[in-house]
Each structure stands twice: as C-alpha cells, then as structure tokens.
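Coordinate analysis (summary)
Here are the chains, one letter per residue:
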Amino acid sequence: MKRRSTYILQSKPNKYILDCLSCEPDSFNDVNNTVIVHEQNLYKTDRILRLFCAEKRKYRVIRVLPSSSCQKDELICSETCYYNLINSGYDTELRLLSFNEGLVKFAEEIDVSLISSPHDISNAAIDTILEKYFKTPKLLNKADILEINVKYFAQELFYVNNKMNHVESVYFKCNKILFQNCEVGAGYFCAIGETAIRQSANVQSFIPPTRTTSVKNNCDGFQDVPLCPYGLQSYLESIQKAVRPFLKKSKLSLYPSFLLQGERGCGKEILVSSLARQMGMHFYKIDNSDLAANIYAQNETRIRNAFFNAKMAAPCVISIHNFENFGKNNEGEYDDRIMDFFAKELNTLFQNNPFPVVLFGCSNSKTIPADLKKLFLETFEIDTPDAAQREENLRWILGAKTSADLSEVANKTHGFFFEDLKALVYYAESNKKSENNENNRLVTDEHFALAIDYMQGNYNESIGAPRVPKVQWADVGGLSDVKEEIIKTINLPLKHPQLLENSGLKRSGILLFGPPGTGKTLIAKAVATECSLCFLSVKGPELLNMYVGQSEQNVRDVFERARQASPCIIFFDELDSLAPNRGMSGDSGGVMDRVVSQLLAEMDGLNDSATVFVIGATNRPDLIDPALLRPGRFDKLLYVGPCTDEASKISVLKALTRKFTLEENVDLTEVVRICPPNITGADFYGICSVAWSSAVRRLIESVERGDVEAESLSQADVAVGFEDFNNAVVNTKPSVGAEDLVYFEQLKNELSPRGSRY
C-alpha cells in the first residue's frame, strides 16, 4: 500500500535540503537528487527508490530521506531537483516504487559543462569544486543541471579565494554518462576514484529559479520567506511585468533597458537580484567605478568588456549601480562621447542573443541627463516607504525572532529605508546580546527603543536635522489653550489619516506669534517630542546666500529633507526675517521677494506626497507677507502671550522647578505674587536660574567652611529657599513692557479675534 501512494512535488530552498541531509550520514549530501518523504510512507531500509510518473510511464532513480515535517501526500525536493524533474516531465501522478540499491552502478566516465556566469572563476577553482562535490557518490542523470553550493562543499575555497567569497553556487550541466563504453541516460553513481570526470566547453543556459529562501526561526527550524522583502513586493511585480515580454523568443523592436531610481539604501540591489533569481537568470552587478577611467579610450574598453561578459553569461540581468555618475569626466561634467558610445554599445548588447539580456541602471538621484534617460524603456521610482511598508520590511528581516510591536516601531522610524531598517534590527539584536540573557531569544520593544534612539540621532545628522532636546509637555507650563489647538491640528492627520485621505483638505501650517520669551520655540520642540516626529529647525537668515538662485535652492532643500523624513515638522524661527512683505525689502536683486515666492510655492504643494507640518514663530506678524497668512498656508494663527492669571504662572514655575530641591519655606504661590504682572516664561526661567545659582553658592560656602564634605554632595543637596527666589525677583527686569503688551494685544485682536483662525 505504501508503494501505491501518489504524491505532489513541492520545492524548498537548497539551504533547507542541505540542512536536512547533513543530519543523515547515508545521504551523501546529494542535494540534486534527493526527495524528502513522510516517514510513515517508507520502510526503514529504503534509501534509493524509483520515482515513477504514471502519466508518462517512465521512472528515474532517486534518493529518499524520511522526515515527519512533510505531508503524507507530498515529495519535497530542492529547487534544482524540482527544475530537473519538471523539465523531464515528472509533474503529475508520482509514485515511489521499490528498487534494489545493488543495481545502481558507478559510471565509468561523465562529461559536464560549466554554465557560464558573470563570475571570474579559475579552472583550478572549478576542479576543486568538482572534486569536493564528487568526493562522496552522487546520483546523475543525463541533461540534468547540478547546483554546487561553494560555501558548503568547498568551504576553504569560499573563505580563502577573494574571487569566490561572493559566489553562492556554481552550476554544471551533465552532457554524457558512459558505462562500459556505452552512453547511458540515468541512474548512475559518480564519485572520485570510480568515475573519470571530463569537462567540456562552457554552455549558456537558464538556471533553476529561486523564489524563497530559508531562515532559522526560534524553534531551531527553518522558515521560508520570499527573496524580496514584503514592503518592496509591489515594485518587484511592476518590474516583472515590464521584463517578462523580453524573455520570450519573439523578437521585439524594443530593448529591455530600465532605469531604477531611489535614495541610497532603498533596496534597489535586492530588487534586481530577486528578479534575476526568480526568473532563473544570472545577476551581473557592475558599479559605475568599474566603468570609469581617467582616459576616454579606457572608458570605451571597460564598457565594451563589461557588455561582452554579460553576453557570454546570458541569460543574465545587468545592474549598473551609482548610475547618476555615469558619463562624468574628471571635472565632474557629463562627457557626450561616453554617453554616445554607451548608446552604441547598447545596440550591440541586445542584438543576436540566443538568451535574453536585461539592463538596469540603478541611480541614487533623479538628476540624470536627458540623453541618458531616453536610452531606457521605462523608469521605476522607489519612494520613501510609508509606515505599513516599513512594518512589512521589519517583519521580513526579523521573521519570528521578535516579540515587539512592529507597527509601533514602524511609526517611530519615519524616513527609514530598507537598509536603515536592517541596521536598526542589527543594533536591536546587539542590545539583546549585550544582556547575556540566554532565556531571552526574542528582540523586544526595549531593544528597539535603544536602537531607535541611536539610529534617529545618526539619521537626523545625515539629513541635516539638529538633535532636539527631549522637551515634554510637562516642561511647558501654562498655555493650555495653545497646546490643545496644536495637538488637535497635528495628531488628527497622524492618528486618523483615512478620514482626511479623500477629503481634499490639508492642514499646512501654524503661526505662533507674541512677545519674545513666551515659549514659542519650546512649544514646537515639545510637539516634535510628544508626537515622535522628525524636527527640522530653520533660522531665517541661515537660508540666505550671496549667489543668485542659491537662497531659493536652500528653501527647496529644506522641504525636500522634510519629505524624506515624513511625517516631519519644519520650524521656522524668526519667520519675519525670511518672509517679509514683497516689494518692501529694498534689496537691489529682489532676493527676498524670490525667497518668499519659493516658500509660497513649496507650501502649496506640501502634502501631495508626504505629511509635513510647518510651524512658524515670530514677534512681528505684521511684517510677514500677507500671502503666507491665508488659509492653506499658515492657516492657524495662535497668540502666545505672557501668563496673565495666577494659576498659569504657578504652572510655569512648577514646570521650571520640577527638578529642583525646594526648602520647606518655599511656596510657589508667594513667589508668583511678588513677581511683576507682565512677566514672561523666559523671565521665570531667569528667576529660577538665578535662585538656583544662589543656592549653589551658599552650599559651596558651607563646603569651604568645612561644615559639609564635598565628596558626599550631589545635585539633590542644592536646596533652593524662598530668600533665593526673592533676591532673584528683585534683580529681574521684565522683558516685555506695558506698551509692548498693548501693542501685541492689538495684533491679537486684528489677526485672530478669537485666539485662533481656521
């Protein structure tokens, strides 16, 4: 009854099959001719059986390996074995029949050919690989493709030879099997010492396609995952649709050359390599530096040699990385001669090829000359991943090795590309290993929190964003109405994007205006910290430049960096110096007018492709160009003034002194009452600073008198008393006078009669 069972053929990555074979001493690691069968379908003595195809009425000899991990109605084999079986017609109604192992003979001679690849492999290395692979008996069938894992079968060659340490597998094709001077078809052993191995000329051929890879999970087993990360699958599908028509033998008048554009680290290489492996083609990676030279004639030679190697390794996918620098000479300018020669060689590359060749130019920038862009059939752009794509990429990288909330991690990694997420996982796993806790094998939220803090600091530096001090709402005293309005404006699009997605309504900017020292900058920093947003702080004068057009370019760069770090807050401090009334600036070149116009243009198209919030702060809103204050730009104006009621002042003072050690005689209500009525938050900060310094001096005097030992002191020993606050208040002059308050109250009534405007 066991021999009557029928099976469905299933493929697994070669890594999985090799791991299973390494546990069985009798398997001889024959990955290309072994199937895994459920242990209940085999007898204990079964090692070699006949795989019988009832529909085609033919069979072939194959090794069997018992396992409880597969289903009773399926045969699991490597992707190479699956490829050979399907090409031979073994696809339906498969059965395993008995076979006498003694009937399998050793072949006297075999003839194999290396399948051409872009890798430069020496003859000595090929001989070593064949010798290591056939050290133990392997089953062979005529016309089969053999995949030999270099790292597994020739480990010393993989690590010692610099040209081999990036080659994963080498492929051969079996041309002939000779037994008793006669050519036979299938079912013979081959081993060093028993069989003569002859190598013929290299051949060109498709290789077995690979769709998945195996990674270890927490149970010391393997889990199959796609070659391409989950978050990049949509791009891979689009590229596959464009490439498939060129794999057919029908000749098209178009050339399969495509341009892949995206920021560095967005996953261009893994996309192209996954495409090549899934289509059974070789992957030929070329860097632009491999094609560049100091002399023009050397450029031609390198391009010609690279394309010749690609034609010899066909079918293959060519990937030219850093393509934005292609064609540049020593002065950094594009050389028309190089681009013309490249166009000429493209015609030669795609003509008269028995196997397809596909070219991808991978560029980190969109600034490519039109003469180069027109050579490509289609352009694919890889955008900054959104939160869902980042979560999918993290799940692909980690597999089952995490207990963290990946959606929360994705929300905190705004602007991270695929390679950034890989680095994040690396640092998170490093934090896990540093704990030396053998029981904890999973990456947790705490590990990710430490890694995100480290990565976020590096990322902010890379895009030019400053490190923002962690300012919590507890650090901002008073201003409850302003805080509430800002939270409503910013948190609504972040937490419920689906509500505003199709409404066509976008919130652009908030303008904070009021006297100096009232906490406008502090509020902006607190918003960035509390909402876990990237924070770009821009001072108006730092964008201005003496060269024509550079000031406008600086404005564009700020908004471009913000889109990359989406969702992000751009904080324009002293906005009146950057965007004064047009026609009133008085500069001869009209620089400020052009800067204002550029700022208006950027804010109009702000949220088309990213979530960016703009917060401006100014002491003189009446000097700002009125076009910026209309709805759709700075569409909410909030007055941030000094605290007028006693409760708000006490709240500010509590926020400033929450880390102080206060003496028992200190009553913050009494401190507020002795302060001038028109005092601001900055004035309160000065009072607290002076009071704390006075307490420190008093403690130092005690140390000098010998009353206290200096070694035992800490910050908690600095006790601030009421007298310290009283002396600080007496020596403090309010930064905002009564006349200034009247002026700002008038502005408040003119610009925002109700305190805010939508």
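You'll find the structure just up there.
Residues numbered from 1 in each chain as written. Predicted model: local features only at pLDDT ≥ 70, side-chain atom pairs only at ≥ 80, totals over all residues. Heavy atoms only, no water.

A few words now on unusual backbone geometry. The amide bond that connects Ala-314 to the next residue, Pro-315, takes the cis arrangement and shows omega of 5°. Within the fold, Pro-315 resides in the loop between α9 (296–312) and β18 (316–321). With a phi close to 60°, Asn-181 is a non-glycine residue in the positive phi region. Position of Asn-181 relative to the elements: it lies in the loop between β10 (169–179) and β11 (182–184). (Helix = DSSP H or I, 4+ residues; strand = E, 2+ residues; numbered from the N terminus.)

Here we take up the pattern of salt bridges. Across all of its chains, the model carries 18 salt bridges by this definition. Asp-224 is paired through a salt bridge with Lys-12; the nearest N and O atoms lie 2.9 Å apart. In this pair, Asp-224 is assigned in strand β15 (residues 222–226) and Lys-12 in strand β1 (residues 8–12), connecting sequence segments 212 residues apart. Under the relative-accessibility criterion, Asp-224 is labelled partly exposed at 30%. By relative accessible area, which is 22% here, Lys-12 ends up partly exposed. In this structure, Glu-109 and Arg-198 form a salt bridge, with 2.9 Å as the shortest nitrogen-oxygen distance. Of this pair, Glu-109 sits in strand β7 (residues 109–115) while Arg-198 sits in strand β13 (residues 196–203), placing them 89 residues apart in sequence. Arg-198 sits in the partly exposed class, given a relative accessible area of 48%. Within the structure, one salt-bridge network assembled from shared partners comprises Glu-391, Glu-392 and Arg-395. (Salt bridge = Lys/Arg side-chain N within 4 Å of Asp/Glu carboxyl O. Buried < 20%, exposed > 50% of the residue type's maximum accessible area, 1.4 Å probe, protein only.)

Once that is clear, we can look at the sheet that holds strand β20 (residues 378–382). Pairing between sheet strands relies on hydrogen bonds along the backbone, with the strands arranged either parallel or antiparallel. Here 5 strands make up an open sheet; going across it, the order is β17-β18-β19-β16-β20 and the pairing parallel. Of all strands in the sheet, those bounded by a partner on one side alone are β17 (282–287) and β20. The mean inter-strand angle of the sheet, taken between neighbouring strand axes irrespective of direction, is 20°. With 6 bridges joining them, β17 and β18 adopt parallel strand pairing. Across the sheet, the residue bridging to Lys-285 is Ser-319, located in β18. Most of the contacts of helix α6 (residues 233–243) go to β20, to which it runs at about 170°, and overall it touches β16 (257–262), β19 (357–363) and β20. (Pairing = 2+ DSSP bridges. Axes fitted to C-alpha atoms, helices over the stretch in contact; angles between N-to-C directions. Contact = heavy atoms within 4.5 Å.)

Turning our eyes to something else, we now look at the side chain of His-38. Along the chain, the position of His-38 falls in strand β2 (residues 34–38). Setting aside chain neighbours within four positions, we find His-38 in contact with Ser-67, Ser-68, Cys-70, Gln-71 and Lys-72.

Bringing the packing of aromatic side chains into the picture now. Remark: the centre distance and the inter-plane angle together describe each pair of aromatic rings, the angle taken between the planes. Considering all chains together, one arrives at 21 aromatic pairs under this definition. Ring plane angle 90° and centroid distance 5.2 Å describe the contact between Phe-158 and Tyr-159, whose orientation is recorded as edge-to-face. A relative accessible area of 12% means that Phe-158 is categorised as buried. You can call Tyr-159 exposed: its relative accessible area is 52%. Taken together, a centroid distance of 5.5 Å and an interplanar angle of 55° make the contact between Phe-513 and Tyr-639 tilted. Of the two residues, Phe-513 sits in strand β21 (residues 509–513) while Tyr-639 sits in strand β25 (residues 634–639), which places them 126 residues apart along the sequence. Tyr-639 matches Phe-513 in its accessibility class, with the two residues each being buried. Among the aromatic residues, those joined into a ring-pair cluster are Phe-307, Phe-323, Phe-326, Phe-342 and Phe-376. The ring of Tyr-133 carries the charged tip of Lys-138 above its face, separated from the ring centre by 4.7 Å. (Phe/Tyr/Trp six-rings, centres within 6.5 Å; stacked < 30°, edge-to-face > 60°. Lys NZ or Arg CZ within 6 Å of the ring centre and 35° of its normal.)

The subject of this paragraph is the environment of Ser-693. Mapped onto the elements, Ser-693 comes out in helix α24 (residues 681–705). Here Ser-693 falls in the partly exposed class, since its relative accessible area comes to 28%. Through-space distance from the C-alpha of Ser-693 to that of Val-718 is 9.3 Å; in sequence the pair is 25 residues apart.

For soluble globular proteins, the rule of thumb is that nonpolar side chains tend to be buried together. Counting residues in hydrophobic clusters, the biggest one holds 39 residues, and the most contacted among them are Ile-129 and Phe-172. Setting aside residues no more than four positions away along its own chain, Phe-172 makes contact with Val-112, Ser-113, Leu-114, Ile-115, Ile-126, Ile-129, Leu-130, Asp-144, Ile-145, Leu-146 and Ile-148. (Core = buried A, V, L, I, M, F, W, Y, C linked by side-chain atoms within 4.5 Å.)

This paragraph deals with the sheet that holds strand β23 (residues 568–573). Taken together, 5 strands build an open sheet; the order of strands is β22-β23-β24-β21-β25 and the sheet is parallel. Edge positions in the open sheet fall to β22 (534–539) and β25, since each of these has one partner strand only. In this sheet, adjacent strand axes meet at a mean angle of 20° when their direction is disregarded. Inspection of the sheet shows β21 paired to β25 by 5 bridges, in the parallel sense. Of the residues in β25, the one forming a bridge with Gly-509 is Phe-634. Across the sheet, helix α26 (residues 738–751) touches β21 and β25, and the angle it forms with β25 is around 145°.

The next subject is the environment of Arg-60. Secondary-structure assignment places Arg-60 in strand β4 (residues 58–67). Excluding residues within four positions of it along the chain, Arg-60 makes contact with Asn-33, Leu-49, Arg-50, Leu-51, Asn-84, Leu-85, Ser-88, Tyr-90, Asn-141 and Asp-144.

With that out of the way, let us pick up helix α2 (residues 79–87). Among all positions in α2, only Glu-79, Thr-80, Cys-81, Tyr-83, Asn-84 and Leu-85 are buried. With its phi angle positive at about 95°, Gly-89 sits one or two positions after the end of α2.

What follows deals with the pairing of strand β3 (residues 48–53). Where a strand is regular, its side chains alternate between the two sheet faces. Among the 6 residues in β3, 5 count as buried, and that is most of the element. With 6 bridges joining them, β3 and β4 adopt antiparallel strand pairing. By the bridge assignment, Leu-49 is partnered in β4 with Ile-62. In sequence, β3 turns back onto β4 through a hairpin of 4 residues, with Arg-57 there showing a positive phi of about 55°. Here 4 bridges tie β3 to strand β6 (residues 94–97), and the two strands are oriented antiparallel to one another. Bridging across to β6, Arg-50 finds its partner in Leu-97.

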